[in-house]
Amino acid sequence: MAMAASIEALNLDPLSPSYQRSFEVISGNLRRALCDPERAPDDPTTPRLYRQLLEAGEADVPCHLAMGRHLSHVGQHEEAMRLLDAVTLLAPISRDAWLVRESVALAAGEPGLAARCAAEAAAIGTAELPFGIPSRATAEA
């Protein structure tokens, strides 16, 4: 309800700093709830939170991964894989995306795809690369 009210307020006055701030706070809270590592993979509110963030244009890579994990956990492996295909296409440097895609491939009984995803994740490594551009220290290593 808070998200709907926030969007309605922004539609009435998109330049209002207080409405913009409320929207940012509410979206941030929804993202944190959706992406909480302690969140049960079969939590029935996951699709609703994801849909609200998606419709508001506030879903980021961790949100998509949370939804992919949820879909796989409830047995919708093909739908999860379609979502994760899009995420790895648009964010190929996201190691987490490749790792989630690997786990979904294993759950779907596709060991070959899982191995390819694991290889992609390993190739990325653990270094944080802003915008996928290696830093001087990473490039020299």
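Small disclaimer: the values here were computed from a predicted structure and weren't measured.

1. As for the nonpolar core
- Met 3, Leu 30, Leu 34, Tyr 50, Leu 53, Leu 65 and Val 104 are the most contacted members of the largest nonpolar core, which has 30 residues in total.
- For this core, the elements supplying multiple residues, two or more each, are helix 1 (2-12), helix 2 (17-35), helix 3 (46-55), helix 4 (61-73), helix 5 (77-90), helix 6 (95-107) and helix 7 (111-124).
- The residues touching Val 104, leaving out its near neighbours within four places in the chain, are Gly 68, Ser 72, His 77, Ala 80, Met 81 and Leu 84.

2. Remarks on the confidence of the model for the chain
- Put simply, the chain has an average pLDDT of 90, and 89% of its residues get 70 or more.
- When the criterion is pLDDT under 50, residues 137-141 qualifies, and its contacts beyond four places in sequence or with other chains add up to three contacts.

3. Considerations on the packing of helix 4 against helix 6
- Interhelical geometry of helix 4 versus helix 6 gives an angle of 10 degrees and a closest axis separation of 10 Å. Regarding the angle of helix 4 to helix 6, the classification is roughly parallel. Contacts from Leu 65, Gly 68, Arg 69 and Ser 72 of helix 4 reach helix 6 at Asp 96, Ala 97, Val 100, Val 104 and Ala 107.
- Class assignment of the residues belonging to the contact of helix 4 with helix 6 gives a composition of five nonpolar, two polar and two charged.

About the criteria used
Residues numbered from 1 in each chain as written. Predicted model: local features only at pLDDT ≥ 70, side-chain atom pairs only at ≥ 80, totals over all residues. Heavy atoms only, no water. Core = buried A, V, L, I, M, F, W, Y, C linked by side-chain atoms within 4.5 Å. Buried < 20%, exposed > 50% of the residue type's maximum accessible area, 1.4 Å probe, protein only. Helix = DSSP H or I, 4+ residues; strand = E, 2+ residues; numbered from the N terminus. Contact = heavy atoms within 4.5 Å. pLDDT = per-residue confidence, 0-100. Axes fitted to C-alpha atoms, helices over the stretch in contact; angles between N-to-C directions. Parallel < 35°, antiparallel > 145°, perpendicular 65-115°, else oblique. Nonpolar A, V, L, I, M, F, W, Y, C, P; charged D, E, K, R; others polar.

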